[in-house]
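Here's the letter readout for the chains.
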Amino acid sequence: MKLKSLVRPLILAAATVGAAAFAQAAKPAAPAAPTAAQQQVVIDRALLGVFKALPARFEDPKNPITPEKVELGRMLYFDTRLSKNQDVSCNSCHDLNKFGVDGKPTSPGHKKQLGGRNSPTVYNAGGHILQFWDGRAPNLEEQAKGPILNPVEMAMPNEARVVETLKSIPGYVTAFQKAFPGQADAVTYDNMAKAIGAFERQLVTPSRFDKFLAGDEKALTEAEKHGLKKFLEQGCQTCHNGPAIGGSLQKLGLVVPFQSKDQGRFDLTKQESDRMIFRVPTLRNVTKTGPWFHDGSVTEIQTAVKLMAQHQFGKQITDEDAKAIVTFLDSLTGELPKSYITKPKLPASGPKTPKPDPT
Ligand code: HEC
Ligand code: HEC
């Protein structure tokens, strides 16, 4: 890919003026080459159009966000009673206090069984065009129906059992009626997924990068802008873009094949054109969401950056450039919405609520 020269480093304007005045009085010794952090880096703003600032929430007209749905969704997100042995919740693998991940290569679910893929973050996931590493769910609401019935995750035997459990908890019956007013039978598997989706649609983590996108040049340090420059020069934004800085379907190993048992979307569709196609992960908070890649096999973020350059562009980048890019990636770390993610008081079980089933 060809990108025109993106940035031009300038010596700090104030330093230049000072040096000019000084030069008239005496001949200064040749200055040491400024380090990346000292140079003023100017980013061509035309190149930033592929990114989008994070919205306050990712709306979907099919599932309007209401405070009642969000409140219900938050409870469901934390409730281990949605799992067979009542010991796993969404938050077990997507810990909201840990940037929406559990920090493990793959996550233990029911009976501590491990799945085959790394748990991606739920923060800013509303900004993805599709959900899961292979994009097999169209949106957050459909996605939420998966893990509860997945035998290695929450392992509920079927939807009916989940609904039966929810109906056995009087506080949930009331909460579903409030969240889905006017429905004769509000406690349904679909409505459960809608409530969880509505809650997730506001899991957004704006960062200094959003301020920079909005025009605040000072929102990023010079070192971060230097890293952004390297990121743009490499062309990383061809796949990592939009509000999540990720999100579309792309090939892992575009130029240099990437060895993996997991063939991504091909395993789902069996279409040759889908071989090694993965949903591009978000780069927001990425320095906090390791280990990285679909199998959690990469334990250093700098290695992840180098592997990207190698497999997506066929380029070996220097440690220095990889480090610079990581410095930029750090600026994508946002603020966790502390009060929004506080674990709520969960409604008490009723006499008919099933007991934990360890089998
Ligand atoms: C046992 C661990 C585990 C539990 C429990 C779990 N997840 Fe996940 N989650 C994963 C893994 C692993 C993936 C990726 C699987 C794949 O792509 O095939 C995933 C993917 C996702 C994604 C897609 C994100 C993206 O970038 O594509 C969302 C959203 C999500 N989970 C939300 C939830 C919600 C909501 C719950 C509770 C109803 C939940 N998860 C329960 C492990 C878990
Ligand atoms: C051709 C599309 C494409 C390009 C270009 C690209 N990436 Fe990626 N990136 C992906 C895909 C697909 C994945 C998921 C890899 C996987 O499934 O294991 C990914 C994963 C990553 C990850 C790991 C994220 C995680 O949560 O595991 C990082 C970090 C990353 N890319 C950074 C970069 C950087 C930096 C560049 C530029 C040097 C870049 N990418 C260029 C498609 C791309």
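We now turn to the structure provided with this report. Owing to the predicted nature of the structure, the values given are computational and were not obtained by experimental measurement.

**Topic: the overall build of the protein**
A tally of helices and strands in the protein yields 12 helices and 4 strands. The burial tally for the protein puts 40% of its 359 residues in the buried class. A fraction of 72% describes how many contacts in the protein between residues 6 or more apart in sequence connect residues 24 or more apart.

**Describing the site of ligand 2**
With respect to spatial proximity, 25 residues lie near ligand 2, and among them C236, C239, W292, F293 and H294 are the closest. Elements that contribute at least two residues to the shell around ligand 2 include exactly α9 (222-234) and α11 (301-313). Here the shell around ligand 2 gets 5 residues from one element, more than from any other, and that element is α11. Per-class residue counts for the shell around ligand 2 are 17 nonpolar, 8 polar and no charged.

**Overview of the site of ligand 1**
Taken together, 27 residues lie near ligand 1, and C90, C93, G109, W133 and P147 sit nearest. Every element with two or more residues in the shell around ligand 1 is listed here: α3 (90-93) and α4 (140-149). By residue number, the principal contributor to the shell around ligand 1 is α4, which donates 5 residues. Taken together, the residues of the shell around ligand 1 sort by class into 14 nonpolar, 9 polar and 4 charged.

**Examining the nonpolar core**
Counting residues in each nonpolar core, the largest one holds 37 residues, and the members touching the most others are L72, L76, F176, M192, A195 and I196. Elements supplying a minimum of two residues to this core: α2 (67-78), α4, α5 (159-167), α6 (170-179) and α7 (189-200). Apart from residues lying up to four places away in sequence, L76 is in contact with L82, M192, A195 and I196. Counting 25 residues, the second largest nonpolar core, distinct from the first, contains V286, W292, V298 and V305.

**Some details on unusual backbone geometry**
P291 follows G290 through a cis peptide bond whose omega is -5 degrees. With respect to the helices and strands, the residue P291 is situated in the loop between β4 (277-279) and α11. One non-glycine residue, K111, lies in the positive phi region at around 55 degrees. Under the C-beta neighbour-count criterion, K111 is labelled partly exposed, with 14 such atoms within 10 Å. The phi dihedral of A155 falls on the positive side, at around 60 degrees, and the residue is not glycine. Assignment of secondary structure puts A155 in the loop between α4 and α5.

**A word on the packing of α9 against helix α12 (residues 319-330)**
Following both chains from N to C, one finds α9 and α12 inclined at 115 degrees, their axes separated by 7 Å at the closest point. Between α9 and α12, the angle falls in the class roughly perpendicular. Here the hand of the crossing between α9 and α12 comes out left-handed. In contact with A223, E224, H226, G227, L228, K230 and F231 of α9, α12 contributes D321, A324, I325, T327 and F328.

What counts and how
Residues numbered from 1 in each chain as written. Chains lettered and ligands numbered in written order. Predicted model: local features only at pLDDT ≥ 70, side-chain atom pairs only at ≥ 80, totals over all residues. Helix = DSSP H or I, 4+ residues; strand = E, 2+ residues; numbered from the N terminus. Buried ≥ 20, exposed ≤ 12 C-beta atoms within 10 Å, placed from the backbone. Contact = placed C-beta atoms within 7 Å. Near = placed C-beta within 6 Å. Nonpolar A, V, L, I, M, F, W, Y, C, P; charged D, E, K, R; others polar. Core = buried A, V, L, I, M, F, W, Y, C linked by C-beta atoms within 7 Å. Axes fitted to C-alpha atoms, helices over the stretch in contact; angles between N-to-C directions. Parallel < 35°, antiparallel > 145°, perpendicular 65-115°, else oblique. Left-handed = near helix turned anticlockwise from the far one by under 90°.

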